[in-house]
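Topology and contacts: notes
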Amino acid sequence: MSSLERYGDRETRIGNPERTALTEILRAAVDQGYIELDEYEKRVDVLLAAKTVGEAEVVLSDLPAYQKVLEAQEPEPPGSPDWIKWLWFGISIPIGINLGVWLVLLFTIGAVYFWPAWVIVPLIVVATSLTFAERGIIRPAEERRRQERLRRKRLS
């Protein structure tokens, strides 16, 4: 499976600007000694007849220069945004303080009602809800926008 198949772009149509750019990759392959001139001519014929990325990719997939182009377009795996990390760090402070006070009371006066639950549970619920919203709503929307930008960039 090629890198472009992961994006579902094999059926994307190509035009003359894309064919010209891809022909340059073939020309560079001849200059660098990866293919011979007669093979170049056959590949250019296939490339000029190609209507989609999948058809053009057949003659380019084994060339190092084309692999570099694909690697440059590899998406970065989305990580957790900084605000999620700071959110969890931020709620750990009041949780830690409340647990610390409760533990001091537990060791000094004995069994004490676990009142930090009134602080911990709401903070955990809010932070968990925001984290799930980021991963289920915000992140997919950003990924769709990023894919659309990549698609537009490839077509221009």
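Each chain has its residues counted from 1, running along the sequence as written. Given that the model is predicted, a residue must reach a pLDDT of at least 70 before its local features are reported, and side-chain atom pairs must reach 80 or more before they are shown or counted; all residues, however, enter totals for whole chains, interfaces and linings. The side-chain quantities take in all heavy atoms of the structure and omit both hydrogens and water.

Regarding the overall build of the protein chain
Note the cut-off: Working definition: helices are DSSP H or I runs of at least four residues, strands are E runs of at least two. Numbering for both runs from the N terminus. Exposure categories follow from relative accessible area, calculated using a 1.4 Å probe and restricted to protein chains: below 20% of the type maximum is buried, above 50% is exposed, and the middle band is partly exposed. Two residues form a contact once any of their heavy atoms are found within 4.5 Å.
Within the protein chain one finds six helices and zero strands. Each helix and strand of the protein chain, placed in order from N terminus to C terminus, yields the pattern α-α-α-α-α-α. The burial tally for the protein chain puts 28% of its 156 residues in the buried class. In the protein chain, once contacts between residues fewer than 6 apart in sequence are set aside, the share between residues at least 24 apart is 65%.

Here we look at the packing of aromatic side chains
To keep it simple, the criterion reads: In this scheme Phe, Tyr and Trp rings, the latter by its six-membered ring, pair at centre separations within 6.5 Å, and the angle between planes marks the pair as stacked below 30 degrees, edge-to-face above 60, and tilted otherwise.
Throughout the structure, instances matching the rule amount to two aromatic pairs. A centroid spacing of 5.5 Å and a plane angle of 85° characterise the contact between Trp-86 and Phe-89, whose relative ring orientation is edge-to-face. With a gap of three residues between them, Trp-86 and Phe-89 both fall in helix α5 (residues 82-109), about one helical turn apart. For Trp-86, a relative accessible area of 59% gives the class exposed. A relative accessible area of 45% places Phe-89 in the partly exposed class.

Topic: the pattern of salt bridges
Quick reminder of the rule: The salt bridge definition used is simple: a Lys or Arg side-chain nitrogen within 4 Å of an Asp or Glu carboxyl oxygen.
Within this structure, the stated rule accounts for five salt bridges. Between Arg-27 and Glu-24 there is a salt bridge; the shortest N-O distance is 2.5 Å. With Arg-27 and Glu-24 both in helix α1 (residues 16-31) and three residues apart, this pair spans about one turn of that helix. We classify Glu-24 as partly exposed; its relative accessible area is 40%. Here Arg-43 and Glu-39 are joined by a salt bridge, their closest N and O atoms 2.7 Å apart. Here Arg-43 and its partner Glu-39 are both found in helix α2 (residues 37-49), four residues apart, which amounts to about one turn of the helix.

A short note on the nonpolar core
Under the convention used in this document: Throughout, nonpolar core names a set of buried Ala, Val, Leu, Ile, Met, Phe, Trp, Tyr and Cys residues whose side chains join them through atoms within 4.5 Å.
Judged by nonpolar contacts, the single largest core of 16 residues is most densely connected at Leu-22, Leu-26, Leu-47, Leu-60 and Leu-63. For this core, the secondary structure elements donating two or more residues are α1, α2 and α3 (53-60). The contact partners of Leu-47, leaving out residues within four places of it in the chain, are Arg-19, Leu-22, Thr-23, Leu-26, Ala-56, Val-59 and Leu-60. Membership of the second largest hydrophobic core comes to five residues, among which are Leu-87, Ile-91, Ile-95 and Ala-127.

A short note on the side chain of Arg-43
Applied cut-off: We call two N or O atoms a polar contact when they sit within 3.5 Å, provided that within protein one can donate a hydrogen and the other can accept it, with sequence-adjacent residues counted only if both atoms are side-chain atoms.
Classification of Arg-43 as buried rests on a relative accessible area of 10%. A polar atom in the side chain of Arg-43 sits 2.7 Å from the backbone oxygen of Val-59. Ignoring any residue separated from it by four or fewer positions in sequence, one finds Arg-43 in contact with Leu-26, Ile-35, Val-59, Asp-62 and Leu-63.

Some thoughts on the packing of α2 against α3
Filter applied, for reference: To get an axis, a line is fitted to the C-alpha atoms, and for a helix only the part in contact is used. The angle between two axes follows their N-to-C directions and goes from 0 to 180 degrees. Any angle between 65 and 115 degrees counts as roughly perpendicular, while under 35 counts as roughly parallel, over 145 as roughly antiparallel, and the rest as oblique. Residues are grouped as follows: Ala, Val, Leu, Ile, Met, Phe, Trp, Tyr, Cys and Pro are nonpolar; Asp, Glu, Lys and Arg are charged; every other residue, Gly included, is polar.
The geometry of α2 relative to α3 is characterised by a closest axis approach of 8 Å and an angle of 170° between their N-to-C directions. As judged from the angle between their axes, α2 and α3 are roughly antiparallel. On the side of α2, the interface is formed by Arg-43, Val-46, Leu-47 and Ala-49, while α3 contributes Glu-55, Ala-56, Val-59 and Leu-60. Counted by class, the contact of α2 with α3 contains six nonpolar, no polar and two charged residues.

Nothing here speaks to function; it is geometry throughout.
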